[in-house]
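Listed here are the chains, written in short residue letters.
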Amino acid sequence: VTGVAMSSDGTSFSWGSKVDGLRGIGIYQFRVGASPIQGVPPTLFAFSSGQGLAAVGADGFLRGLRYEDSFTPPESIPGFPVLLNELVPEGVELIDLAQGFASSLLVFSDGSVFGAGENFAGQLGDLPSSTVGFQTMSFPGTAIAAAMGYSHTLVLDESGDVWAAGDNSQGQLGTGGLGGGIFRKIPSLSGVIKIASDGFTASFALDDQGRLWRWGNDQIGSPMQIAVDDGVNLALGKPVTASGPTFSPSDPARHINDGNFATFSLPTADDTLGFFYQVDLLGTLALERILIHNRNSSPERLSNYRLSLFADNGTGGVGALNWSADLRADGSNSGPNGIDEALAAADPDGDFTGRFLRIENLSGDPYNPQIAEVVIEPSPSALPGSRIIDFAVTPRGSGADNQLVAATADGRILVFDDVFGAAGEPQPAQTLHLPEVTSVAIGTRHGIAANAFGEVYSWGDNSAGQLGDGSFDQPAPGRLLRVGGAGEVTSVLAHGRASFALGDNGRLWRWGED
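On a predicted model such as this, the values are computed, not experimentally measured, just so you know.

Rules used throughout
- Throughout, a residue's number is its position along its own chain's written sequence, starting from 1.
- Side-chain atom pairs in this predicted model are given and counted only at pLDDT of 80 or more, local residue features only at pLDDT of at least 70, and totals for whole chains, interfaces and linings cover all residues.
- Water and hydrogen atoms were dropped before computing side-chain values, which therefore reflect all heavy atoms in the structure.
- Any two strands between which DSSP finds at least two bridges are classified as paired.
- In this text, helices come from DSSP runs of H or I with a minimum length of four residues, and strands from runs of E with a minimum of two, each type numbered from the N-terminal end.
- The axes used here are C-alpha line fits, helices contributing only the stretch in contact, and every angle between their N-to-C directions lies in the interval 0 to 180 degrees.
- Residue-level confidence of the predictor is summarised by pLDDT, bounded by 0 at the bottom and 100 at the top.
- Any two residues whose heavy atoms approach within 4.5 Å are treated as being in contact.
- Note on classification: 1.4 Å probe, protein chains only; a residue is buried when its accessible area is under 20% of the maximum for its type, exposed when over 50%, partly exposed between these limits.
- Note on charges: Lys and Arg go in the positive column, Asp and Glu in the negative column, and His and the chain ends are not counted at all.
- The salt bridge definition used is simple: a Lys or Arg side-chain nitrogen within 4 Å of an Asp or Glu carboxyl oxygen.
- Throughout this description, a polar contact denotes any pair of N or O atoms lying within 3.5 Å of each other; where both atoms belong to protein, one of them has to be capable of donating a hydrogen while the other can accept it, and for residues adjacent in sequence the pair is counted only when both atoms sit in side chains.
- Here, nonpolar core refers to any group of buried Ala, Val, Leu, Ile, Met, Phe, Trp, Tyr and Cys residues whose side-chain atoms link them within 4.5 Å.

### Examining the sheet that holds strand β14 (residues 162-166)
Stage number 1. The sheet built from 4 strands is open, its strands ordered β12-β13-β14-β15 with antiparallel pairing. In this open sheet, the two strands that pair with only one neighbour each are β12 (143-148) and β15 (180-185). Between one strand axis and the next, the sheet turns by 20° as a mean value, whatever way the strands run.
Stage number 2. Pairing analysis gives 5 bridges linking strand β13 (residues 152-157) to β14, with the strands arranged antiparallel. Its bridge partner being in β14, Leu 154 is matched across the sheet by Ala 164.

Okay, here's the thing in structure tokens:
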């Protein structure tokens, strides 16, 4: 579960019309509870089940959030609203919360755990079968995070161990056949850094080795790793631009890195000297090789061109030239389905790293360069492999059951349609590429990600404007859209058809469905 702070003056923000690239009805301010107290900013949390949001106001009350009513407590959240300083001493902060079908859980910075609501399956440990307000729960460790399903609970302690209690009829506790109101440690897990549930009977955990585990859903009684294969094309789906007009609207620049080798792009017949395509890798990386694929039929127009790698200028723009190589200066062509390969040795004095790859016409010949696909492979030493660094899962009943997104250290975003639905090892239905991702989130058929540069990208369904590009247009499959206007973002959330990002300015940005 991710908690995010809002503005430092105790004011929270919400919006809906286009504001610096974000949709909504214009930025407006509203209070969470009483007048804000200087230095005590409200804090927003997402429930681990994905069923809702809650906020701590400047008055110290924890309230549920309904979009249409700002911070009005929904009746479906047990124990809300609650004055936190009546539960814990001053200085002890709420660090996580979770909600099940009819139960709620709070985790505080002193490691204590409080529960409220129904306890019919033991999901609230040793508390009574029905608890009106929040009460302290007996927990054998120092808690740092929690997640809840329909009637089971996971708690992560400071040592990286995961404890489970409640219903285990579908293996959701991961403890074998044991269930009920006693928290038991899952023996096969250690070094865990994040836990989650789909709000029903599936459980997930990410450990400090980058391994993602799943269990429950009436299929798996103990944690099983979701294996991730190596292999990446850094160019696939990245932003690409052309310095001038392309031949026709049916041959856009994005065809050169859409993963379809049957499509291609080319410039017009006029003024092509110096024309270039430019691919933004969204991060500076060391490369192994660059492959430029010719179209699969005649006429071929891919000759006498230059490849150049440029650094980031520090603000996301084109910086210094790192490396360049001239290819087919003699006017030759690789032919239909041909491939030109470029390696670091083509420029011995250069540095085969960069954020931007430029492919430039040196001859002035019309329609040149005509490119089917650009493939950019990273240096094996540049990326630490397929280790997963963050993940998120959609809640059951959202219309996208068990859809999961995982970000890997080698620059991939893997989207799984249903990690429990297929026989055998689950395979990603979609692979996107974005280096140095720090946070991912997934809603109902859309996802968002933040990278180490503070940038936000989105993909998938845009029927409610949840991709943040100021439109309802559906992007091509596999395309990442840049979301502007939120400053440097540190973390992202998604809920239904709404998207959220925490900016470095302390504001929470929201776009998509109201």
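### What about the confidence of the model for the protein?
Stage number 1. For the protein, the mean per-residue pLDDT works out to 81, and 81% of the residues sit at or above 70.
Stage number 2. For the stretch residues 1-42, pLDDT sits under 50, and the model shows 135 contacts to residues farther than four places along the chain or on other chains.
Stage number 3. pLDDT under 50 marks residues 66-74. Its contacts with residues more than four places away, or in other chains, come to 27 contacts.

### Quick look at the side chain of Asp 157
Stage number 1. Summarising the element assignment, Asp 157 is placed in strand β13.
Stage number 2. Lacking a salt bridge, the buried Asp 157 has Lys 185 as its closest oppositely charged neighbour, with an N-O distance of 6.4 Å.
Stage number 3. At a separation of 2.9 Å, a polar atom in the side chain of Asp 157 contacts the main-chain amide nitrogen of Ser 159.
Stage number 4. Setting aside its immediate chain neighbours within four residues, Asp 157 contacts Phe 139, Thr 142, Ala 143, Ile 144 and Trp 163.

### Looking at the nonpolar core
Stage number 1. Ranked by internal contacts, the top residues of the largest apolar core, which has 31 residues, are Phe 204 and Leu 404.
Stage number 2. Of the residues forming this core, the biggest block, 4 residues, is contributed by strand β17 (residues 202-207).

### Describing the environment of Arg 301
Stage number 1. With respect to the helices, strands and loops of the structure, Arg 301 is situated in the loop between β21 (276-293) and β22 (305-312).
Stage number 2. Residue classification places Arg 301 among the partly exposed residues on the basis of a relative accessible area of 26%.
Stage number 3. Setting aside its immediate chain neighbours within four residues, Arg 301 contacts Leu 266, Asn 333, Pro 366, Tyr 367, Asn 368, Pro 369 and Gln 370.

### Quick notes on the environment of Val 489
Stage number 1. Its place among the elements puts Val 489 in strand β35 (residues 489-495).
Stage number 2. Judged by relative accessible area, Val 489 falls into the buried class, the value being 3%.
Stage number 3. Considering only alpha carbons, one finds Val 489 and Phe 453, 36 residues apart in sequence, at a separation of 8.2 Å.

### Let's talk about unusual backbone geometry
Stage number 1. The amide bond that connects Asn 368 to the next residue, Pro 369, takes the cis arrangement and shows omega of 5°.
Stage number 2. Mapped onto the secondary structure, Pro 369 falls in the loop between β25 (353-361) and β26 (373-378).
Stage number 3. Here the phi dihedral of Asp 271 falls at roughly 50°; this positive angle occurs in a residue that is not glycine.

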